[in-house]
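Observations on chain architecture
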Amino acid sequence: MRKSVDSSVELHPVLAERWSPRSYDSSAVIPDQDVLAFLEAARWAPSANNGQPWRFIIARRGDEHFQNISKTLSGFNQVWAPSASLFVVVSTLTTTPDGKPRATAMYDAGLSSALLTVEAHHRGYAVHQIAGFDREIIKNEFGLDAALAPIVILAIGKQAPASSLVDPVLKEREEAPRERLPLSELVVAGNIATS
Ligand SMILES: Cc1cc2nc3c(=O)[nH]c(=O)nc-3n(C[C@H](O)[C@H](O)[C@H](O)COP(=O)(O)O)c2cc1C
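In what follows, the accompanying structure is described. (Residues numbered from 1 in each chain as written. Predicted model: local features only at pLDDT ≥ 70, side-chain atom pairs only at ≥ 80, totals over all residues. Heavy atoms only, no water.)

To continue, consider the overall build of the protein. Counting its regular elements, the protein contains eight helices and four strands. Each helix and strand of the protein, ordered N terminal to C terminal, gives the series α-α-β-α-α-β-α-β-α-β-α-α. The globule rule puts the C-alpha radius of gyration for 195 residues at 16 Å, and the 18 Å found for the protein is close to it. When the backbone C-alpha atoms are referred to their principal axes, the protein occupies close to 50 × 45 × 30 Å. Within the protein, buried positions represent 38% of all 195 residues. (Helix = DSSP H or I, 4+ residues; strand = E, 2+ residues; numbered from the N terminus. Rg over C-alpha atoms; globule rule 2.2 N^0.38 Å. Buried < 20%, exposed > 50% of the residue type's maximum accessible area, 1.4 Å probe, protein only.)

For the rest of this paragraph, the subject is the packing of aromatic side chains. As enumerated under the stated definition, the model contains three aromatic pairs in all. The positively charged end of Lys 3 is found above the aromatic ring belonging to Trp 19, 4.1 Å away from the centroid. Over the ring of Phe 133 we find Arg 135; its NZ or CZ atom is 4.4 Å from the centre of that ring. (Phe/Tyr/Trp six-rings, centres within 6.5 Å; stacked < 30°, edge-to-face > 60°. Lys NZ or Arg CZ within 6 Å of the ring centre and 35° of its normal.)

This brings us to the pairing of strand β3 (residues 126–130). Of all the five residues making up β3, four are buried; the element is thus mostly covered by neighbouring parts of the structure. Where β3 meets strand β4 (residues 148–157), five bridges bridge the pair, whose relative direction is antiparallel. Within β4, the position partnered with Ala 126 by the bridge is Gly 157. (Pairing = 2+ DSSP bridges.)

Let's shift gears to the site of the ligand. Taken together, 14 residues surround the ligand, and among them Ser 20, Asn 77, His 128, Arg 178 and Arg 180 come closest. A distance of 2.8 Å separates a nitrogen atom of the ligand from a polar side-chain atom of Asn 77. Measuring from an oxygen atom of the ligand, one finds a side-chain N or O atom of Arg 178 at 2.7 Å. For the ligand, the accessible surface in isolation is 620 Å², of which the surrounding protein chains cover 62%. (Near = heavy atom within 4 Å. Polar contact = N/O pair within 3.5 Å; in protein donor to acceptor, adjacent residues only side chain to side chain. Areas by Shrake-Rupley, 256 points an atom, 1.4 Å probe, with all protein chains shown as cover.)

Turning to the pattern of salt bridges, a few remarks are in order. Within this structure, the stated rule accounts for seven salt bridges. Notably, a salt bridge pairs Glu 175 with Lys 171, separated by 3.5 Å at the nearest N-O pair. Of this pair, Glu 175 and Lys 171 both sit in helix α7 (residues 168–175), four residues apart, which is roughly one turn of the helix. On the accessibility criterion, Lys 171 (28% relative accessible area) is partly exposed. The structure contains a network of salt bridges with shared partners spanning Asp 34, Glu 119 and Arg 123. (Salt bridge = Lys/Arg side-chain N within 4 Å of Asp/Glu carboxyl O.)

With that settled, consider the environment of Tyr 24. Along the polypeptide, Tyr 24 turns up in the loop between α1 (13–17) and α2 (32–43). Under the relative-accessibility criterion, Tyr 24 is labelled buried at 5%. As a C-alpha pair, Tyr 24 and Asn 191 span 167 residues in sequence and 42 Å in three-dimensional space. If sequence neighbours within four positions are ignored, Tyr 24 has contacts with Trp 80, Ser 83, Ala 84, Ala 126, Val 127, His 128, Ala 155, Ile 156, Gly 157, Lys 158 and Ala 160. (Contact = heavy atoms within 4.5 Å.)

The next point concerns the environment of Val 89. Looking at where Val 89 falls in the secondary structure, it is placed in strand β2 (residues 86–93). As a C-alpha pair, Val 89 and Phe 56 span 33 residues in sequence and 5.5 Å in three-dimensional space. With near-sequence residues (within four places) excluded, Val 89 lies in contact with Arg 55, Phe 56, Ile 57, Ile 69, Ile 138, Pro 150, Val 152 and Ile 153.

Before going further, it helps to examine the nonpolar core. Counting 22 residues, the largest nonpolar core has Ile 69, Phe 87 and Ile 153 as its most contacted members. Mapped onto this core, the elements with two or more residues apiece are β1 (54–60), α3 (64–72), β2, β3 and β4. Excluding anything up to four places from it in sequence, Ile 69 contacts Ile 57, Ala 59, Phe 87, Val 89, Ile 138, Phe 142 and Ile 153. If you look at the next biggest cluster of nonpolar residues, it comprises 15 residues, including Ile 30, Val 90, Ala 109 and Ile 156. (Core = buried A, V, L, I, M, F, W, Y, C linked by side-chain atoms within 4.5 Å.)

As structure tokens, this is what we get:
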């Protein structure tokens, strides 16, 4: 299923056609080379002082990590996300080696996730970001350092038709049009011709 964006100018197709589906092909397997490409795209993201605070946990559907991560998902995320082929848990180092707070840690990790997402869509996969999960369980399960904060789980896989979703609420959301605030509301100062 494709969704078009209502953009005042033409965007790169990968950006225009990216969206976050919840219907995944539960038999799809992502080749290692593609997983590597996702991680390389994330690795080469920019970051403040080239600090690269992002850290990743990789789990493939069927392995123990994937099962353990699935159990941490909250609410309806438990219903749809386990059909994805791959989970990438994105964490960020909140402090520098000398214990000072990293003001841009979340921003840096978000940028790396964004580039990973673009590379994955370019390669024909869908990515859905998930903030609804139990961070404490993830920290304990994977023995993460106290300075490492889990932020998001990326559910990655091959998109399936909306009709594969059994839950009527999920199906309705899948088919809903994408919406955004108008640019005129986002640009709070400065002049831009938006039409
Ligand atoms: C940080 C973040 C957390 C999100 N958490 C969830 C989530 O827990 N469950 C979910 O179904 N979608 C989640 N989403 C997906 C958003 O709902 C989705 O990106 C937004 O509605 C825009 O839709 P689009 O990506 O299709 O354009 C999250 C997205 C982001 C960026």
